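# Observations on chain architecture
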Amino acid sequence: MAIWVLFHLLLFLVLEPTDANLEGDALFALRREVHDPNNILQSWDPTLVDPCTWFHVTCDSQNRVTRLDLGNAKLSGKLVPDLGKLERLEYLELYMNNLVGPIPAELGNLKSLVSLDLYHNNLTGSIPPSLSRLSNLRFLRLNRNRLTGRIPRELTKLGNLKILDVSNNDLCGTIPSTGSFSKFTEDSFKNNSRLEGPELMGFVRYNVGGCN
Amino acid sequence: MEALRVAFIFLLHILLFSLFPFALNIVSSDRTEAEALVRWKNTLSSHDSLDSWDFNNVRNLCSWSGVVCNIEGSISQINLPRANLNGTLDQLNFSSFSNLASLNLEDNDFHGLIPSTIGSLSKLTFLDLSYNLLSGIIPPEIGILSELQYISFQGNDLNGQVPYQISHLQKLWYLNFGYNNLTSPERSKNSLTLGFLDFIHTCENLTYLDLSYNSFTGEIPNSLLTNLSKLEYLILTDNSFQGSLQSILTKMTKLKGIKLTRNNFSGSIPDTFSFMPNLEILELTSSQGNIPSSLGKLRNLQHLDLTINSPLNSTIPSELGLCTNLTYLALSGNSLTGSLPLSLANLTKLSTLFITDSNLSGHILPYFIPNWTQLMILWIQNNSFIGEIPSEIGLLTNLTNLVLSDNRFSGYIPQVIGSLQNLEILNLSINLFSGQIPPTIWNLTKLRILVTFHNNLSGTISPEIGDLTSLMFLDLSMNQLSGQLPKTLSIFGEGMVLNLKKNHFHGTIPNTFPKECELIQLDLSENQFNGTLPSTLVNCRMLQLLDITNNELSGPFPFWMETFPELQVLVLKSNRFHGIIPISKVKHPFPKLQILDMSQNEFTGILPVEFLYHFKAMMNASEKGIATGFFIIFLKSIRVDINFLSTILLKGVTCELRSIRRTTILLKGVTCELRSIRRAYTSIDLSNNKFQGNIPSSIGKIKDLHSLNLASNNFTGHIPSLENLTSLESLDLHSNKLVGEIPWQLTKLTTMSFLNLSYNQLFGSIPQQGQLLTFDSNSYIGNPKLCGLPLTKMCRNDEPQPKLLVSTTQKDDDFNIFDGFTWQVVLMGYGCGMLFGLVVGYLIFRYEKPEWLIGFVYRVYKIKDGRRWR
């Protein structure tokens, strides 16, 4: 029975590919998850063929979402993994809200992302190592949250990263210092009381140091 | 004897006294009834149809308009349907009409409540208050009217729950509460049947029950399905009823009519119609299954509406051709494949055929058409039909609606189309038709809507188009039409929409807009019109949209439109308009303007401060955007066909209405698609002109502006304060001569997703804060004195720093982490680090004892908790 249903579902997907509003659905999942007291997501109508006419959403010429501008929007609630489906997203601006919960690891799928601004929220959990897959990322600002755990060493692979700010969190362990991280100063990491300081390659291993 | 005489007189007196009131009663009953009617009439604001209702005419009470008396001369009926009455029922003294059996006020403009005193009409059998504006609840006193057989409150604004007292009406056979806002009773804890008005099952004589278009919920209880054994019509369309279709249809086999569409019923349509031989009307929706072939057994079926919207492919069962009494067949919105079964040619009584929005293919065979001569409405849009329109179409002389849009029809539009003299709506859009518009079309004088957009039609528009005096919607856009516009074109009826966009028309726009011009939308964009805007366009004061993009029109700014009360969209883009914007003579110019595009013209001079400041609509953009109001009216008048409308303006871009997700439209009909064009979008585009002087600071007060483009002009001075433009999504000021610093307030515009300040003479450092952190260098290049990220030019210390005033929402220095941090410092750091590394490497190589060094290093790096590194 389940297989039958699945078969129908697949058939449906195969038959109706052009009608899909996958990106709109992904954004609408966010709308459903967050509390929006000022009703700024009012224009987000999932019945449209794409989300390009929604306010706070910007698309490219192929009607794919490139920007999501929801800074200082008084949103509260959790981020949704669905956001990871926005393949062409370049700017994810959700700073200065009251978002809680973890940063979904799926954001690592946003392969076009240039700017990830989640600063000034109440996000918890650790920084997902999957963000290291964001090879175009230039701005990563996660400051002023309640993030815990280590700074994933994988992030040093982000060759285009120009600005990193993870200050004012509750991160621990040592600070990776190679790769793109070599250019960041202490300011990027300040006010994390459990953060140990930069690792020293060859002397102290990255995972040395208490992070319990 | 004396005693006897006294007794006799006494008895006589008693007799007289007992008779007297009786005699008086007849007179006074006339009087009170007449008095009650006249008194009520005088409270009505419109009552022209009640001229006979007059005290001087009291003798003829029984012949007053709408009044019928019984043998005793007392009023038994008040029949005033469609009498153009306006007022309330409050002042109608119901208790005066003790013999009233029938009250019919259908289709007037009565508003207010249904008075509870209606309960005093104890002899009432017939009550029709349908199609008024009555609101509030249904008074429970209705339940006292135990003689009632017929109630209709259809088409009012009644809300709340249906009073259970209705269940006392044992003689009721007709109950119609359709088209109101009624709800189901609250879920009662001790009842298993939740929601539905299960008390209705005691009205055992009920044969007609209509609760459609309300907000009822819950399952249809079994008691209702079994007790109402006389029920013939069950109309529940558009509520939120639940339960399985199977259980309803298998239990109610006596029904003649059933309408269940747009509810939350589950399951597929059961193939059990062989057990419902009486069925004449059937409307069902289901999200699964096929069209059952047993429908072919319904030989009495006249009206069939199945909107299955099945995700599975199915075909139209050929058995449907056996339902030869069908006059109405609607199968729209299904994923039907294949071609029309040949058996449908047997449906010779068919007058309405809707098979839209499906995947049907094949030709419209000449084989069907001679049998379908009764056809009045043929809608087959949004399928994959191919081929030419057969010339047999000329036989369908009863056709009023012919909608073939969004298929793959090709070839010429046949000449014989001119013989469809009753045609009111002709929609051939989004096909592959070529050749000329046949001149016979101009004979169709009843035509209201003529839509051929998105084809390959060529040739010119004949002056005979002026004969189409009923035309209110003409969309010939996106074709290859050419030539000059005939002078007769602008003479049209009310609420006219004229769209000739994307053709090859040339010459001047005829200056023949009549005095009482009722044009609502005029889109002549992307043609080669020249000359000036015709002066008679000033007559078209009801214009909502004027788009003349990409023509060769010239002349001054049409300031005379500033008093047009409804103008929402004015697009003059890419023409040769020139001159200055004059100072307005009225207090609120362009009161409803939301989109102003004057870009790519030759306008000059200074922008008058008032010009922008008084745009009332932009100051407080309503939810209603362009066209909304219009489209609602329009769609109502022609029902559902979305393909009539070529384009709508939404978020500043013209987007085709078709791009709205198809499946949902099918599910929800018009409402959802209207919802999606509701948002207002406001935009000012003055780019690519020769404006000069300062940007008026008044622009910062247009607080609902979404897009501002002043690029490529000669604006000078500073960027004005724009911090109140909290809806701004796009700001383009590039290629002007603006000076000064970038105002830090721009950092607060969190909805801004596009910013271009490039190629000006701005200076100072770019504020490193808020939304300004989200733009790349393209937003700022070409300002040689500008510095700071994302530009590569770093700010020197003597560079003027922007005043990083901290807004109330942020308390610390998060936004300027790079203050005092320059790339030179980084480089110095690298240099030192390298030297340090070499030294350390040498020492390690030399002494192989690095612990002391580690400690040293950590001290250098100011480790906060050094204890771990003893």
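Residues numbered from 1 in each chain as written. Chains lettered and ligands numbered in written order. Predicted model: local features only at pLDDT ≥ 70, side-chain atom pairs only at ≥ 80, totals over all residues. Heavy atoms only, no water.

### Examining the overall build of chain B
Put simply, the test is: Helix numbers and strand numbers start at the N terminus; a helix is a DSSP run of H or I with at least 4 residues, a strand a run of E with at least 2. With a 1.4 Å probe rolled over the protein chains alone, any residue whose accessible area is under 20% of its type maximum counts as buried; one over 50% counts as exposed, and the rest are partly exposed. Contacts are assigned to residue pairs that have any heavy atoms within 4.5 Å of one another. Note that accessible areas follow from Shrake-Rupley with a 1.4 Å probe, and for residues the cover is restricted to the protein chains shown.
Summing up its helical and strand segments, chain B has 10 helices and 52 strands in all. A total of 870 residues make up chain B; the buried ones form 54% of that total. Put simply, 54% of the contacts in chain B that link residues at least 6 apart link residues at least 24 apart. As displayed, chain B offers around 37,600 Å² of accessible surface, 55% of which is attributable to carbon and sulfur atoms.

### Remarks on the side chain of Gln771 of chain B
Mapped onto the fold, Gln771 of chain B is located in the loop between β51 (761–765) and β52 (785–787). When residues no more than four places from it in sequence are discounted, the contact partners of Gln771 of chain B are Arg67, Asp69 and Tyr95 of chain A together with Leu746, Thr747, Leu749, Thr750 and Met752 of chain B.

### Remarks on the pattern of salt bridges
Worth spelling out the cut-off: The salt bridge definition used is simple: a Lys or Arg side-chain nitrogen within 4 Å of an Asp or Glu carboxyl oxygen.
For the structure shown, the criterion picks out 16 salt bridges over all chains. Note that Arg67 of chain A and Asp69 of chain A form a salt bridge whose closest N and O atoms lie 2.9 Å from each other.

### Remarks on helix α2 (residues 22–33) of chain A
Residue and element names in this part refer to chain A. Defined as follows: To estimate the expected span of a helix, subtract one from its residue number and multiply by 1.5 Å.
The first and last C-alpha atoms of α2 sit 17 Å apart over 12 residues, in line with the 16 Å expected at 1.5 Å per residue. Within α2 the residues assigned to the buried category are Glu23, Gly24, Ala26, Leu27, Phe28, Ala29 and Leu30. Buried positions along α2 lie against β1 (57–59), β2 (65–69) and β3 (76–78).

### With respect to the pairing of β51 of chain B
Short version of the rule: The rule for pairing is simple: two strands pair if DSSP sees at least two bridges between them.
As judged from the two bridges shared by strand β49 (residues 737–740) of chain B and β51 of chain B, these two strands associate in the parallel manner. Note on β51 of chain B: the bridge partner recorded for Gly740 of chain B is Leu762 of chain B.

### Quick notes on the UniProt feature "domain: Leucine-rich repeat-containing N-terminal plant-type" (unreviewed entry) in chain A
Rules: UniProt positions are given in the numbering used here, feature names are shortened, and annotations may be inferred rather than shown by experiment.
Cross-referencing UniProt, the feature "domain: Leucine-rich repeat-containing N-terminal plant-type" (unreviewed entry) maps to residues 21–60 of chain A in the present numbering. For residues 21–60 of chain A, helix accounts for 30% and strand for 8%, while the C-alpha atoms at its two ends are 15 Å apart.

### Structural notes on the confidence of the model for chain B
This is how it is decided: Within a predicted model, pLDDT stands for the predictor's per-residue confidence, ranging from 0 to 100.
Summing up the model confidence of chain B, the mean pLDDT is 80 and the portion of residues at 70 or higher is 77%. Of the regions scoring below 50 in pLDDT, residues 15–27 of chain B engages in one contact with residues more than four places distant in sequence or in other chains.

### Examining the sheet that holds strand β9 (residues 148–150) of chain A
All names here are of chain A. So the rule is basically this: Interaxial angle, 0 to 180 degrees, is taken between N-to-C directions of lines fitted to C-alpha atoms, where a helix line uses only the stretch in contact.
In spatial order, the strands read β9-β11-β12; together these three strands make up an open sheet with parallel pairing. Of all strands in the sheet, those with a lone pairing partner are β9 and β12 (194–198), marking the two edges. Each neighbouring strand pair of the sheet contributes to a mean axis angle of 15°, computed without reference to strand direction. As judged from the four bridges shared by strand β11 (residues 170–175) and β12, these two strands associate in the parallel manner. Bridged to Ile175 within β12 is Pro198.

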